[in-house]
Amino acid sequence: RKEVEQDPGPFNVPEGATVAFNCTYSNSASQSFFWYRQDCRKEPKLLMSVYSSGNEDGRFTAQLNRASQYISLLIRDSKLSDSATYLCVVSMFSGGYNKLIFGAGTRLAVHP
Amino acid sequence: DAGVTQSPTHLIKTRGQQVTLRCSPKSGHDTVSWYQQALGQGPQFIFQYYEEEERQRGNFPDRFSGHQFPNYSSELNVNALLLGDSALYLCASSLYEGSYEQYFGPGTRLTVT
């Protein structure tokens, strides 16, 4: 079983739609959680951290359920510029070192 | 303030050859991590360097080795290249070794033929 699993995608949605991505992680010792965005042939960039209380950044809302080991990302009012791959990431802290574990990513295509 | 830089941008090598990739961390960062991203996959952790030492390593064979220099820049070396080594190699730097916030460079796209 993969350490971080995501919806396979791709998600093809019209502008203005609301889209949700899900992610599960296998290691209950995971300590920090993130969503990264990766444009085609570019490097990943941090979109937002994810907290148990849930957090919102404009049109983006992230949720964490530690009991279910589940992370979600909701995008409201999708824009063409939201088209990208969204990577679910968990951080493992051990022995003073931090390691990021990435999911395979979910591709989003927003069309006019 | 320069971000993370990597060189070269693209590289084509033949099976069995050796390759060296280079990374300069973001200004003020002293920790460098390397990742391999195969097509259609998320980045996979290779190893992390701090104070010129390999601090932790992912599930990669010994053909993958690295180095960190006193100026915090880093190299990734891959020996005896295999077709399966074709991927985007990403370098990420962080402010300190325990920091979860990592900044990625643009990557080096390696093609092995």
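One structure accompanies this document, and this report is about it. (Residues numbered from 1 in each chain as written. Chains lettered and ligands numbered in written order. Predicted model: local features only at pLDDT ≥ 70, side-chain atom pairs only at ≥ 80, totals over all residues. Heavy atoms only, no water.)

Each helix and strand in chain B was counted, giving zero helices and 11 strands. Reading chain B from its N terminus to its C terminus gives the helix and strand order β-β-β-β-β-β-β-β-β-β-β. For chain B, the C-alpha radius of gyration of 13 Å lies close to 13 Å, the compact-globule estimate for 113 residues. With respect to the principal axes defined by its C-alpha atoms, chain B has extents near 40 × 25 × 25 Å. Taken across its 113 residues, chain B has 50% of its residues classed as buried. Partitioning the intrachain contacts of chain B with sequence separation of at least 6 by distance along the chain shows that 53% fall at a separation of at least 24. Just so you have it, chain B exposes about 5200 Å², and 48% of that area is on carbon and sulfur atoms. Once the 8 positive and 11 negative side-chain charges of chain B are each reduced to a mean point, those two points are 13 Å apart. (Helix = DSSP H or I, 4+ residues; strand = E, 2+ residues; numbered from the N terminus. Rg over C-alpha atoms; globule rule 2.2 N^0.38 Å. Buried < 20%, exposed > 50% of the residue type's maximum accessible area, 1.4 Å probe, protein only. Contact = heavy atoms within 4.5 Å. Areas by Shrake-Rupley, 256 points an atom, 1.4 Å probe, with all protein chains shown as cover. Lys, Arg positive; Asp, Glu negative; His and termini not counted. Charge placed at Lys NZ, Arg CZ, Asp CG, Glu CD.)

Overall, the coordinates contain 11 aromatic pairs over all chains when judged by the stated rule. Measuring from centroid to centroid gives 5.2 Å for Phe11(A) and Phe21(A), while their planes differ by 80°, and the two rings are edge-to-face. With Phe11(A) in strand β2 (residues 11-14) and Phe21(A) in strand β3 (residues 19-25), the pair connects residues that are 10 residues apart, well separated along the chain. Taken together, the aromatic side chains of Tyr36(A), Phe102(A), Tyr35(B), Phe45(B) and Phe104(B) make up a single cluster linked through ring pairs. (Phe/Tyr/Trp six-rings, centres within 6.5 Å; stacked < 30°, edge-to-face > 60°.)

If you look at the biggest cluster of nonpolar residues, it comprises 25 residues, and the most contacted ones within it are Phe21(A), Trp35(A), Ile71(A), Leu73(A), Ile75(A), Tyr86(A) and Leu108(A). Top element by residues in this core is strand β9 (residues 84-94) of chain A. It accounts for five residues. (Core = buried A, V, L, I, M, F, W, Y, C linked by side-chain atoms within 4.5 Å.)

Before going further, it helps to spend a moment on the pattern of salt bridges. Residues and elements named next belong to chain A. Applying the stated criterion to the full structure yields eight salt bridges over all chains. Across the pair Asp 77 and Lys 79 runs a salt bridge, and its minimum N-O distance is 2.9 Å. A residue is classified by how much of its surface remains accessible, and Asp 77, at 37% relative accessible area, is partly exposed. (Salt bridge = Lys/Arg side-chain N within 4 Å of Asp/Glu carboxyl O.)

We now examine the interface of chain A and chain B. At the junction of the two partners, chain A supplies 21 residues and chain B supplies 23 residues. Of the roughly 1800 Å² buried where chain A meets chain B, counting both sides, 53% is carbon and sulfur surface. Broken down residue by residue, the surface that chain A buries against chain B is led by Tyr97(A), Asn98(A) and Phe102(A), which jointly contribute 31%. Elements with a contribution of two residues or more to the side of chain A that touches chain B: β4 (32-38), β5 (44-50), β9 and β10 (97-102) of chain A. (Buried area = accessible area lost by both parts, 1.4 Å probe.)

What follows covers the pairing of strand β7 (residues 64-68) of chain B. Regular strands show a simple pattern: their side chains alternate between the two faces of the sheet. Residues and elements named next belong to chain B. The two faces of β7 differ: Phe 64, Gly 66 and Gln 68 on one face are buried, but Ser 65 and His 67 on the other face are not. In this sheet, strand β8 (residues 74-78) lies alongside β7 in antiparallel orientation, the contact comprising five bridges. Across the sheet, the residue bridging to Phe 64 is Val 78, located in β8. In sequence, β7 turns back onto β8 through a hairpin of five residues, with Tyr 72 there showing a positive phi of about 80°. (Pairing = 2+ DSSP bridges.)

A few words on the pairing of β10(A). Residue and element names in this part refer to chain A. When you tally the buried positions in β10, you get five out of six residues, the bulk of the element. Of the strand pairs in this sheet, β9 and β10 are connected by six bridges, and their pairing is antiparallel. Counterpart to Val 89 in the pairing with β10 is Phe 102.

Before going further, it helps to spend a moment on the side chain of Glu43(A). Mapped onto the fold, Glu43(A) is located in the loop between β4 and β5. For the buried residue Glu43(A), which engages in no salt bridge, the nearest side chain bearing the opposite charge is Lys45(A), 4.2 Å off. Setting aside chain neighbours within four positions, we find Glu43(A) in contact with Arg37(A), Gln38(A), Leu90(B), Phe104(B), Gly105(B) and Pro106(B).

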